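# Topology and contacts: notes
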Amino acid sequence: MQIIDSHCHLDRVDLSAFGGSMESLLAHAKTLSVEEFLCVCIDLEHFDDVLAIAQKHPEVYASVGVHPCELDGKDPSVEELLTLADDDNIIAIGETGLDYFHVQKDGADWQRERFRRHIAASNQSGKPMIIHTRNAKADTIAIMREEKAEKGVMHCFSEDWETAKAAMDLGFYISFSGIVTFKNAEDLREVAKKVPLDRILVETDSPYLTPVPYRGKPNSPAHTYYVAEKMAEIRGETIETIANATTHNFNTLFNLALNLEAKPLKN
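Computed from a predicted model, the values in this text were never measured in an experiment.

## Focus: the overall build of the protein
Looking only at helices and strands, the protein has 10 helices and eight strands in total. Here the C-alpha atoms of the protein give a radius of gyration of 17 Å, agreeing with the 18 Å that 2.2 N^0.38 yields for 267 residues. Taken along its principal axes, the extent of the C-alpha atoms in the protein is 40 × 40 × 40 Å. Within the protein, residue pairs in contact and separated by at least 24 positions form 68% of the contacts whose partners lie at least 6 positions apart. Here the protein holds 27 positive side-chain charges and 43 negative ones, and the gap between their average locations is 5 Å.

In structure tokens form, the structure reads like this:
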């Protein structure tokens, strides 16, 4: 059984529990069948750190992008994103998207413009997008449609079925995080039941959003196991089914960037 953490921030994980060693963190994850990792960039000031991790560890892939909540750092042009994405270790653009939790919609023109540039970079590079949306589901889907976003994943999904369906209609995947294990996430679990098996990914978003049974403690990629386990419980499937499907889906989504042949889906 192999599980892939499709979204983590290895450059931000506290390594103190692993003797300060990234190698130990990755080895620990593998004891729970978490074998590969997508280390996601959220600002260009730390892009070199993200890329260096992927360059050093063949089981780690990386992305390039600027999170919608990042205010003070560099805001890249399409051309700059394309230049940084021109590396075999970079398999995705993002994370990007819209977040109206801290910023009012009426004052977020800059977020929407940033999102559009990332979509253009994704479409031009052929590398899938990683989309973050919070309190902005209607605008997120509208801009994806307007800019003809071609492929990617709605990461750390916490919205309703209508939003999930709209994203899937555009060809996007839906990634579930530790939120599905939270006590107050019953509505999200209902969405998780409905998403077709061939459109699901799993992630930790570590060091954030630690799943039950480790809620309240630092998160790490190893905990993708517990997300997959919960998804299996929700859907009435085995964890092996979830592991095989999400690994297949990851390889399918990122096939062009990884130059891999998608692995066959096992029941």
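## Quick look at the packing of helix 3 (residues 78-85) against helix 4 (residues 109-125)
Where helix 3 contacts helix 4, the two axes come as close as 9 Å, and the packing angle between them is 45°. On the basis of the axis angle, helix 3 is oblique to helix 4. In the packing of helix 3 onto helix 4, the handedness of the crossing is right-handed. Where helix 3 abuts helix 4, its residues Val78, Leu81 and Leu82 lie against Arg117, His118, Ala120, Ala121, Gln124 and Ser125. Looking at the contact of helix 3 with helix 4, its residues break down into five nonpolar, three polar and one charged.

## Looking at the environment of Asn135
Counting through the fold element by element, Asn135 comes out in the loop between strand 5 (129-134) and helix 5 (137-146). If sequence neighbours within four positions are ignored, Asn135 has contacts with Tyr100, Phe101 and Glu159.

## Observations concerning the packing of aromatic side chains
As enumerated under the stated definition, the model contains five aromatic pairs in all. Counting every residue linked through ring pairs, the aromatic cluster contains Tyr61, Phe250 and Phe254. The ring centre of Tyr173 lies 6.0 Å from the NZ or CZ of Arg199, which sits over that ring. Between the NZ or CZ atom of Arg215 and the centre of the ring of Phe182, over which it lies, the distance is 3.8 Å.

## Section: the state of the cysteines
Each disulfide consists of one covalent bond between the sulfur atoms belonging to two cysteines. What the rule picks out here adds up to zero disulfides. The thiol sulfur of Cys8 is not disulfide-bonded, and the nearest other cysteine sulfur, from Cys39, lies at 5.7 Å. According to the relative accessible area criterion, Cys8 is buried, its value standing at 0%. Lacking any disulfide linkage, Cys156 is separated from the closest cysteine sulfur, that of Cys69, by 12 Å.

## Thoughts on the side chain of Thr246
Along the chain, Thr246 turns up in helix 9 (residues 239-253). Within the local environment of Thr246, its side chain forms a polar contact with the backbone oxygen of Ile242, the two atoms lying 2.7 Å apart. Setting aside its immediate chain neighbours within four residues, Thr246 contacts Ile200, Leu201 and Val202.

## Comments concerning helix 6 (residues 161-169)
Taken as a whole, helix 6 has its buried residues at Thr163, Ala164, Ala166, Ala167 and Met168. Among the residues trailing helix 6, Gly171 stands out with phi positive, at a value near 95°.

## Examining helix 9
Count 3.6 residues to each turn of an α-helix, and residues three or four apart come out pointing the same way. Between its first and last C-alpha, helix 9 extends 21 Å over 15 residues, near the 21 Å set by a 1.5 Å rise per residue. Across the 15 residues of helix 9, 12 count as buried, placing the element largely inside the fold. Within helix 9 the residues assigned to the buried category are Ile239, Thr241, Ile242, Ala243, Ala245, Thr246, Thr247, His248, Asn249, Phe250, Asn251 and Leu253.

## Focus: the nonpolar core
Counting 75 residues, the largest nonpolar core has Leu10, Ile174, Phe176 and Met231 as the members making the most contacts within it. When neighbours within four sequence positions are excluded, Met231 is seen to be in contact with Phe176, Val180, Ala192, Ile200, Val202 and Ile242. Listed in part, the 13 residues of the second largest apolar core include Ile4, Leu38, Ile130 and Phe254.

## Looking at the sheet that holds strand 2 (residues 34-39)
Within a sheet, neighbouring strands are paired by backbone hydrogen bonds and run either parallel or antiparallel to one another. With parallel pairing, the eight strands of this open sheet are ordered in space as 1-2-3-4-5-6-7-8. Of all the strands in the sheet, just strand 1 (3-8) and strand 8 (200-202) have a single pairing partner and so form its edges. Ignoring which end each strand starts from, the neighbouring axes of this sheet average 30° apart. Pairing geometry for strand 7 (residues 173-176) and strand 8, over three bridges, is parallel.

Conventions and cut-offs
All residue numbers refer to positions counted from 1 along the written sequence of the respective chain. With pLDDT at 70 or above as the cut-off, local features in this predicted model cover only qualifying residues; side-chain atom pairs require 80 or more to be listed or tallied, and sums for whole chains, interfaces and linings still use all residues. To get the side-chain values, take all heavy atoms of the structure and skip hydrogens and water. Every helix listed is a DSSP run of H or I at least four residues long, and every strand listed is a run of E at least two residues long, numbered separately from the N terminus. In this description the radius of gyration comes from C-alpha coordinates, and the expected globular size is given by 2.2 Å times residues to the power 0.38. Throughout, a residue-residue contact means that at least one pair of heavy atoms, one from each residue, lies within 4.5 Å. His is not counted here, nor are the chain ends, while Lys and Arg score as positive and Asp and Glu score as negative. Every charge is mapped onto a representative atom, which is NZ of Lys, CZ of Arg, CG of Asp or CD of Glu. Under this scheme, a helix contributes an axis fitted over its contacting stretch, all axes are lines through C-alpha atoms, and angles between N-to-C directions fall in the 0 to 180 degree range. When an angle is under 35 degrees it counts as roughly parallel; over 145 it counts as roughly antiparallel; between 65 and 115 it counts as roughly perpendicular; any other value is oblique. Should the near helix be turned anticlockwise from the far one by less than a right angle, the crossing is left-handed, and should it be turned clockwise, the crossing is right-handed. Here the term charged refers only to Asp, Glu, Lys and Arg, the term nonpolar to Ala, Val, Leu, Ile, Met, Phe, Trp, Tyr, Cys and Pro, and the term polar to all other amino acids, Gly among them. Centre distance within 6.5 Å is the pairing criterion for rings of Phe, Tyr and Trp, where only the six-membered ring of Trp is used; planes under 30 degrees apart are then read as stacked, over 60 as edge-to-face, and the remainder as tilted. By the criterion adopted, a ring carries a charge over it if an Arg CZ or a Lys NZ lies within 6 Å of its centre and within 35 degrees of its normal. Pairs of cysteine sulfur atoms within 2.5 Å are what we label disulfides. Exposure is judged per residue with a 1.4 Å probe applied to protein chains only, and the accessible area is read against the type maximum: over 50% gives exposed, under 20% gives buried, and values in between give partly exposed. Nitrogen and oxygen atoms within 3.5 Å of one another constitute a polar contact, given that in protein one can donate a hydrogen and the other can accept it, and given that sequence-neighbouring residues count only through two side-chain atoms. Expected span of a helix: the number of residues minus one, times 1.5 Å. To form a nonpolar core, buried Ala, Val, Leu, Ile, Met, Phe, Trp, Tyr and Cys residues must be joined to one another through side-chain atoms within 4.5 Å. One requirement defines pairing of two strands: DSSP has to find at least two bridges between them.

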